[in-house]
Amino acid sequence: MSSNPAKGWHGKLNLVYADRLNNTELIHSRQQAPLKVQRPFYPEGAKICHSVILHTAGGVVGGDRLSYNLHLQPQAEALITTAAASKIYRSNGLQATQNINIQIDAGACLEWLPQETIIFNGAIYRQDLRVELAPGASWLGWEITRFGRTARGEKFLQGEWRSHTEIWREGLPLWIDRQWLPGSEEVFHSPHGLAGQPIVGSLVWVGNPISGETLAKMRNLWAGTGEIGVTQLQNGFLCRYRGTSTSEVRNWFTVIWQLLRVSVLNRSSCVPRVWQV
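About the cut-offs
- Residues numbered from 1 in each chain as written.
- Predicted model: local features only at pLDDT ≥ 70, side-chain atom pairs only at ≥ 80, totals over all residues.
- Heavy atoms only, no water.
- Helix = DSSP H or I, 4+ residues; strand = E, 2+ residues; numbered from the N terminus.
- Buried < 20%, exposed > 50% of the residue type's maximum accessible area, 1.4 Å probe, protein only.
- Contact = heavy atoms within 4.5 Å.
- Areas by Shrake-Rupley, 256 points an atom, 1.4 Å probe, with all protein chains shown as cover.
- Lys, Arg positive; Asp, Glu negative; His and termini not counted.
- Charge placed at Lys NZ, Arg CZ, Asp CG, Glu CD.
- Pairing = 2+ DSSP bridges.
- Axes fitted to C-alpha atoms, helices over the stretch in contact; angles between N-to-C directions.
- Core = buried A, V, L, I, M, F, W, Y, C linked by side-chain atoms within 4.5 Å.
- Phe/Tyr/Trp six-rings, centres within 6.5 Å; stacked < 30°, edge-to-face > 60°.
- Lys NZ or Arg CZ within 6 Å of the ring centre and 35° of its normal.
- Expected span 1.5 Å × (residues − 1).

Trainee: How should I be thinking about the overall build of the chain in this particular structure?
Mentor: Secondary structure summary: the chain contains 3 helices and 17 strands in total. Seen along its three principal axes, the alpha-carbon backbone of the chain occupies a region of about 50 × 45 × 40 Å. Burial status across the chain gives 53% buried among its 277 residues. In the chain, once contacts between residues fewer than 6 apart in sequence are set aside, the share between residues at least 24 apart is 73%. Just so you have it, the chain exposes about 12300 Å², and 49% of that area is on carbon and sulfur atoms. The average position of the 27 basic charges and that of the 21 acidic charges among the side chains of the chain differ by 6 Å.

Trainee: Quick question: what am I supposed to make of the pairing of strand β5 (residues 65-72) here?
Mentor: Within a regular strand, side chains alternate between the sheet's two faces. Where burial is concerned, the two faces of β5 differ: the one with Leu-66, Tyr-68, Leu-70 and Leu-72 is buried and the one with Arg-65, Ser-67, Asn-69 and His-71 is not. In the sheet, strand β1 (residues 10-20) pairs with β5 via 8 bridges, with the strands oriented parallel. Among the inter-strand pairings, Lys-12 is bridged to a residue of β5, identified as Ser-67. Relative to strand β8 (residues 96-104), β5 runs parallel, the two sharing 8 bridges. Of the residues in β8, the one forming a bridge with Asn-69 is Asn-101.

Trainee: Can you help me understand the sheet that holds strand β14 (residues 172-182) in this one?
Mentor: Sheets are built from strands paired through backbone hydrogen bonds, the pairs being either parallel or antiparallel. Ordered in space as β2-β1-β5-β8-β11-β13-β14, the 7 strands form an open sheet in which the pairing is mixed. In this open sheet, the two edge strands, each paired with only one partner strand, are β2 (23-32) and β14. This sheet shows a mean twist of 5° between the axes of neighbouring strands, independent of strand direction. Pairing of strand β11 (residues 124-133) with strand β13 (residues 160-169), which is carried by 10 bridges, proceeds in the parallel orientation. When the sheet's bridge partners are listed, Leu-129 is paired in β13 with Thr-165.

Trainee: Looking at this structure, how should I read the nonpolar core?
Mentor: One recurring pattern in soluble globular proteins: nonpolar side chains tend to sit buried together. Core analysis: the biggest nonpolar cluster contains 45 residues, and Ile-104, Leu-110, Trp-112 and Trp-139 have the highest contact counts within it. The contacts of Trp-139, once residues within four sequence positions are left out, are Ile-102, Ile-104, Leu-110, Trp-112, Leu-129, Val-131, Leu-133, Ile-167, Val-204, Trp-205 and Val-206. One finds Val-52, Leu-113, Leu-215 and Phe-253 within the second-largest nonpolar core, a separate group that totals 29 residues.

Trainee: Sorry if this is basic, but what is going on with the packing of aromatic side chains here?
Mentor: To describe a pair of aromatic rings, one takes the distance between the centres and the angle between the planes. In the structure shown here, the tally under the stated rule is 11 aromatic pairs. Judged by centre distance (6.0 Å) and plane angle (85°), the ring pair of Trp-142 and Trp-257 falls under edge-to-face. Remark: Trp-257 occurs in helix α3 (residues 246-263) and Trp-142 occurs in strand β12 (residues 138-147); sequence separation between them is 115 residues. What makes Trp-142 buried here is its relative accessible area of 3%. You can call Trp-257 buried: its relative accessible area is 0%. Every member of this aromatic cluster is reached through a ring pair, and the members are Trp-142, Trp-222, Tyr-241, Trp-252, Phe-253, Trp-257 and Trp-275. Directly above the ring of Trp-275 sits Arg-250, whose terminal nitrogen or CZ lies 5.0 Å from the centroid. The ring of Phe-41 has Arg-273 sitting right over it, with the charged end atom 3.9 Å from the ring centre.

Trainee: Teacher, can you tell me more about α3 here?
Mentor: The α-helix winds at 3.6 residues per turn, so residues separated by three or four positions along the chain end up facing the same way. Over its 18 residues, α3 extends 26 Å from the first C-alpha to the last, a length consistent with the 26 Å expected when each residue adds 1.5 Å. Turning to α3, its buried residues number three or more, namely Thr-246, Glu-248, Val-249, Trp-252, Phe-253, Thr-254, Ile-256, Trp-257, Gln-258, Leu-259, Leu-260 and Arg-261.

Trainee: Please explain the pairing of β13 as it appears in this structure.
Mentor: In terms of burial, β13 is a largely internal element, 9 of the 10 residues being buried. The sheet contact formed by β13 and β14 spans 10 bridges and is antiparallel. Residue pairing in the sheet places Thr-165 in a bridge with Asp-177 of β14. Hairpin remark: β13 followed by β14, antiparallel, with 2 residues in the connecting loop; positive phi at Glu-170, about 50°.

See below:
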């Protein structure tokens with residue numbers, strides 16, 4: 001199973017953010033279709049730059065490659081989300097890939113909050129995300145994945161999904177997460193796979209340690225029906241979800257994120273306007 005570079009889109013997006021007199025500006029933007037970034041906006045003041053990424057082709061097919069390079073220079077603060085859910089279509093036999101490299105310099109902070117990814121039955125997809133943190137830098141990111149178009153009764157019974165996430169600081173790994181899910185009836189229902197639940201989610205904060213009291217508060221914020229877990233990391237925390245509802249997991253992730261904003265980042269509560277459309 002290999003991807004043919006001659007087939008499919010190769011979308012590229014290179015973004016550089018810089019602090020200019022306590023204002024965060026997008027100082028460099030290089031875009032190659034089908035990836036595009038909207039004009040930055042500042043719903044909570046000039047210090048935090050909000051950006052929305054568009055995938056203008058509407059979905060990802062076998063052979064497509066998406067490459068992101070994001071750089072936050074010292075003291076820059078940015079929030080990046082996507083304009084809509086990402087759709088990974090049934091494969092033609094080729095693998096689709098997404099590769100994201102993020103560099104966050106000293107004192108900078110990135111909130112990486114893409115909307116849901118929908119993996120169609122038969123999709124072959126791999127995503128790699130690597131974050132390089134300087135001392136004093138921080139990163140919050142989440143990933144919500146739906147396996148199969150469940151509104152149509154579709155399950156993920158064919159294909160393959162891989163997700164590799166690595167967060168490093170000065171050559172030392174802070175968190176490495178490798179997931180692999182082959183499409184099959186057995187894995188879909190296995191307790192070590194999806195346990196019959198089509199949606200999984202992960203939220204990770206890496207910046208500074210979180211108290212046990214705050215972790216307990218995050219667990220107590222859960223009021224849904226899916227399975228969840230909250231784990232303390234050396235420099236942050238990890239939340240996991242497995243269930244049936246995108247709104248359920250996103251609501252929980254959002255209240256945790258807002259709690260973190262207020263209690264750790266000294267920011268007010270602010271939800272991207274693109275989510276409210």
